[in-house]
Structure formats: C-alpha cells, structure tokens
Amino acid sequence: MSITYGLVCISEVLKDFDKSFAFRTMTRKRFNDLSKQKSREQSLSDLSERILHNVKLTTQIIKHCSFNKINHYRLSSKLFPLITDPTLEIQIDNLPRIEEIKVELVNAGQTAKDLDISISIHPDQFNVLASEKPEVADKTAQELNFQAWILDEMGMPQSYDCPINIHPSVSTKDPTDVNLKKIVDRFWQAFQKTNDGVKKRLVIENEDKGCWNCMNLFKYFHIYTRETYSHSFPLTYDNLHNKCNPSQINGQEVTEEQNVQAFYHTWATTPVFHWSIGKSDKPSEKRSHADYLDGEIPEFNNTDGIPFSIKWECEVKAKDKAILKILNKEPMVRAAWKTEKITVQKKEPNKGEKKAKETQIMEEKPKSPEVVKEKKTPQGQYNQIYGRF
C-alpha cells in the first residue's frame, strides 16, 4: 500500500474505552500554587507523576495503532509539561521519578520499533527560529533540543525517518526576494544553536497564510539553503494549508500533484505529510480541521506513473475514529498482549467512587506491513517543478 495513515497524538477510541487514556498536563499556576501551599518538592513530584503517566500512555497508543493497522504515530509535543518553562527553572534530571520515566521512554521507543510504527513530532507554532527577537529564537532552539532529547531517549534514529516538523512562523507583507532571504538567514542562524538530534531531523511545513506557500517554501528553504548553506531542508506538504494559501505561476494555480511531486523529492526517505479538510468553506472555518475526512486520501504518482509511498498524518478532530472509518475497520481495543499488565494512572477518585480499574492488554504482534518500493527520480530534476526561479 502506497498510503500510510498516521495518528496525531490522541486516541479518541481509547479515551472512549477509558477516560484515563488521556494525556495529563499541568499549568504554571498550578505548579506555583502547589509550591506555595505545600512545597516545590511536592510540585515536582506531582509533575513527575503526570509525565510518567503520559509516557506510559504513549506506549499504549503505539500498541493500539499497531493493532488497528495504523502504521505511523505523531507523538504529543506535550508529554513533558512545564519542563522547558524558563520561569520555573526545572532540571529534567531532578524530577523525582526521572529514572522510571527514562525506562518508559525506552520502552515506548522499542515498542514502536518492534511493531514497525514510525514516529514523528510537531512542536507547536510558538517555536519561531526566524524570530527577530533573539530571546524567542533562543527559547525555540532550547525547546527543539528538548524534543530531540525525547526522541533520543526513545532510541529513535537521528534522521528524517523520525522527523521534527515546524513552520517558518514568520511572514512579511512585502515578500521580495531580499526579505524572504532575510527570514531564512535568521532561521539558519538560530538553527545552528540546535543539537545534532534537531539538525538531522528538522523538516519545514508550508503555511495556510502569508508568504510561505509551497512554492516559496521550496525555493527558499530547499533551494536557497542548499545553495547558500549546503543544506536542503526536507519539506512537509499540508494539503489544507495549500488549499488556503495556494501558489501561482503566471496567474495559474500550481496543482496539488505538482506540489506533492516537488515536496516528495526533497526527502531521501518516505516523507511524512499532513492531510485534512476544513470544517467548512466559510472564511472563519476553512482553516479549522473537520472532525472526519470526506474520503480516502488520493494516491499520488511520480512523473513515470509509479505511486509514491507517503505517510499521511491525519489532522482531524476525531483522530483514530476518522482513520478507521476511512479504512472501513471497526475500532479494536482489546488486544492480546503477551506480557505484563500495564497500568495507566488515574486521578485520585472522590469519596464514594469505585476504585479506578486497571487496563490489561496482552501482546499479539501483528505482521509488518508490506513495503512498497518505487523508483525515485534524482532530486535535482524537481528544482524545475515550479518553473525557473
């Protein structure tokens, strides 16, 4: 199969099965209030418990993906709430249960490898390497370094097989060649402050408004960076962003097939792209993700007619419910995992409530999906997809 459907962060199927199958967060206010009311140690202990819960849940979701034939998973970028908040000065190695957390990270990574589930991560839009404010760019570099640390602790490859995806997140009302190059130059300078785990994984996505449509992204973050800095960023294609912010050449809109072909060949491995539909065509809703997809993701072909193998992260609110509907599969929760019971921690029950139940899943390793091989065309040929620059 040339199309791989990918789950983004949350399993709505598992949440319906058990409300505790949800990621737990912690606000800065809660952390500070708890520190005042009890102690900083208590705040760190509470935070540590939540992080441990999140990492264990990640392993559960990876197993769930495998059992339901969903072969790609985007990690939540909120697994470790507050850790990179500079106002709290939290050191990861000082968390009370950090050794258990690291063990569970290894377990999550090994589970993904054993079950052949590819992994990615997408830090939020507040990460702006190209910011004109040095403190914002520096904070972004630190955040990306931490996200790479998570992947490294999981044992994930330092390569584009496990991408870290971000947006340029800086636009200009005057998108001249000079101004766009200035943005990329700032991005590159801050990129140099990241570690190897980021440098070997970072990919860039087209945006739904502003100057970074597909054509400009290709021209400046792939071609210009290659010619200027000897580094070509792989590019993540987002179909809804392209629909909202299309590229044009001589007044004619670039087709989706052209965009996919161009972006596909910026990768030296199977690319990870994004697919979704808008909530409606209303201006206020066209950029918002719908609950479900309106049909199967279409197959895209190389210029020689051979289908591309692409991993499509499905950015829809119904999450795995939407994917399973497209795949015409009934959601499966009860698997037969062979080994130990895995408990997902719950909040303390109120008086009179029943004791929280444990969810037991036993292992049954599914067959690995067949890998579709396709003929790749030399990357340089696709410098002309959008015409001569």
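None of these values were measured; they are calculated from a predicted model.

Colleague: Sorry, what's going on with the overall build of the protein chain here?
Modeller: Counting its secondary structure elements, the protein chain contains 11 helices and 10 strands. Looking at the protein chain as a whole, 53% of its 389 residues are labelled buried. Taking the contacts inside the protein chain whose residues are at least 6 apart along the sequence as the reference set, 80% of them involve residues at least 24 apart. When the accessible surface of the protein chain is split by element, carbon and sulfur atoms take 47% of a total near 18900 Å².

Colleague: How do you make sense of helix H8 (residues 214–229) when you look at a structure like this?
Modeller: Each α-helix turn comprises 3.6 residues. Residues three or four places apart therefore point the same way. Maximum bend of H8: about 25°, positioned at Ile223. Along H8, the residues that are buried comprise Cys214, Met215, Asn216, Leu217, Phe218, Tyr220, Phe221, His222, Ile223, Tyr224 and Thr225. Among the structural elements, helix H6 (177–191), strand E5 (202–205), strand E6 (235–236), helix H9 (239–244), strand E7 (248–249) and helix H10 (256–264) are those in contact with the buried residues of H8. Note on H8: the residue one or two positions beyond its end, Ser230, has a positive phi of about 60°.

Colleague: Sorry if this is basic, but what is going on with unusual backbone geometry here?
Modeller: Trans peptide bonds make up most of the peptide bonds, and negative phi angles are found at most residues other than glycine. Even without being glycine, Leu82 reaches a positive phi, approximately 70°. As for its position among the elements, Leu82 is in the loop between strand E2 (72–75) and helix H4 (98–114). In this structure Leu82 comes out as buried when scored by relative accessible area, which is 14%. A positive phi angle is found at Ser169, which is not glycine, with a value near 65°. Mapped onto the elements of the fold, Ser169 is located in the loop between strand E4 (164–166) and H6.

Colleague: Looking at this structure, I do not really get the nonpolar core. What am I missing?
Modeller: Nonpolar side chains in soluble globular proteins tend to end up buried together. The biggest cluster of nonpolar side chains holds 100 residues, and the ones touching the most others in it are Phe80, Leu95, Leu202 and Trp312. Looking at this core element by element, the count peaks at 9 residues for helix H3 (residues 40–67).

Colleague: Sorry, what's going on with the packing of helix H2 (residues 28–37) against H3 here?
Modeller: In helix packing, the relevant descriptors are the interaxial angle and the interaxial distance, both defined with respect to the helix axes. It is the contact of H2 with H3, at a shortest axis distance of 7 Å, that shows an interaxial angle of 140°. Looking at the two axes, H2 sits oblique to H3. The way H2 lies across H3 gives a crossing that is right-handed. Of the residues in H3, those touching H2 at Arg30, Phe31, Leu34 and Ser35 are Arg40, Gln42, Ser43, Leu44, Asp46, Leu47 and Arg50.

Colleague: What's the story with the packing of H3 against H4 in this structure? I'm lost.
Modeller: Running from N to C, H3 and H4 cross one another at 10°; their axes reach a closest spacing of 9 Å. Compared by their axis directions, H3 and H4 come out roughly parallel. Crossing of H3 against H4: the hand is left-handed. Of the residues in H4, those in contact with Ser48, Ile51, Leu52, Val55, Lys56, Thr58, Thr59, Ile62 and Lys63 of H3 are Glu100, Ile101, Glu104, Leu105, Asn107, Ala108, Thr111 and Ala112. Residues that form the contact of H3 with H4 fall into these classes: 8 nonpolar, 5 polar and 4 charged.

Colleague: Sorry, what's going on with the pattern of salt bridges here?
Modeller: Pairing between side chains becomes possible if they bear opposite charge and their charged atoms approach one another. On inspection of all chains with the given rule, the structure shows 17 salt bridges. Asp177 is paired through a salt bridge with Lys181; the nearest N and O atoms lie 3.1 Å apart. With Asp177 and Lys181 both in helix H6 and 4 residues apart, the pair spans about one turn of that helix. Overall, the relative accessible area of 27% leaves Lys181 in the partly exposed class. A salt bridge links Asp208 to Arg287; the nearest nitrogen and oxygen atoms lie 3.8 Å apart. One end of the pair, Asp208, is in the loop between E5 and H8; the other, Arg287, is in the loop between strand E9 (272–275) and strand E10 (310–314), with 79 residues separating them in the sequence. Judged by its relative accessible area of 17%, Asp208 is buried. Judged by relative accessible area, Arg287 falls into the partly exposed class, the value being 33%. In the salt-bridge network here, residues are joined through shared partners; they are Arg30, Asp46 and Arg50.

Colleague: Can you walk me through the pairing of strand E3 (residues 118–121) in this structure?
Modeller: For a regular strand, the rule is simple: side chains alternate between the two faces of the sheet. Burial along E3 is two-sided: the face carrying Ser118 and Ser120 and the face carrying Ile119 and Ile121 are both buried. Looking at chain direction, E2 and E3 are connected through 4 bridges and run parallel. Within E3, the residue paired with His72 across the bridge is Ser118.

So, how was this worked out
Residues numbered from 1 in each chain as written. Predicted model: local features only at pLDDT ≥ 70, side-chain atom pairs only at ≥ 80, totals over all residues. Heavy atoms only, no water. Helix = DSSP H or I, 4+ residues; strand = E, 2+ residues; numbered from the N terminus. Buried < 20%, exposed > 50% of the residue type's maximum accessible area, 1.4 Å probe, protein only. Contact = heavy atoms within 4.5 Å. Areas by Shrake-Rupley, 256 points an atom, 1.4 Å probe, with all protein chains shown as cover. Bend = angle between axes of the 7 residues up to and from the residue. Core = buried A, V, L, I, M, F, W, Y, C linked by side-chain atoms within 4.5 Å. Axes fitted to C-alpha atoms, helices over the stretch in contact; angles between N-to-C directions. Parallel < 35°, antiparallel > 145°, perpendicular 65-115°, else oblique. Left-handed = near helix turned anticlockwise from the far one by under 90°. Nonpolar A, V, L, I, M, F, W, Y, C, P; charged D, E, K, R; others polar. Salt bridge = Lys/Arg side-chain N within 4 Å of Asp/Glu carboxyl O. Pairing = 2+ DSSP bridges.

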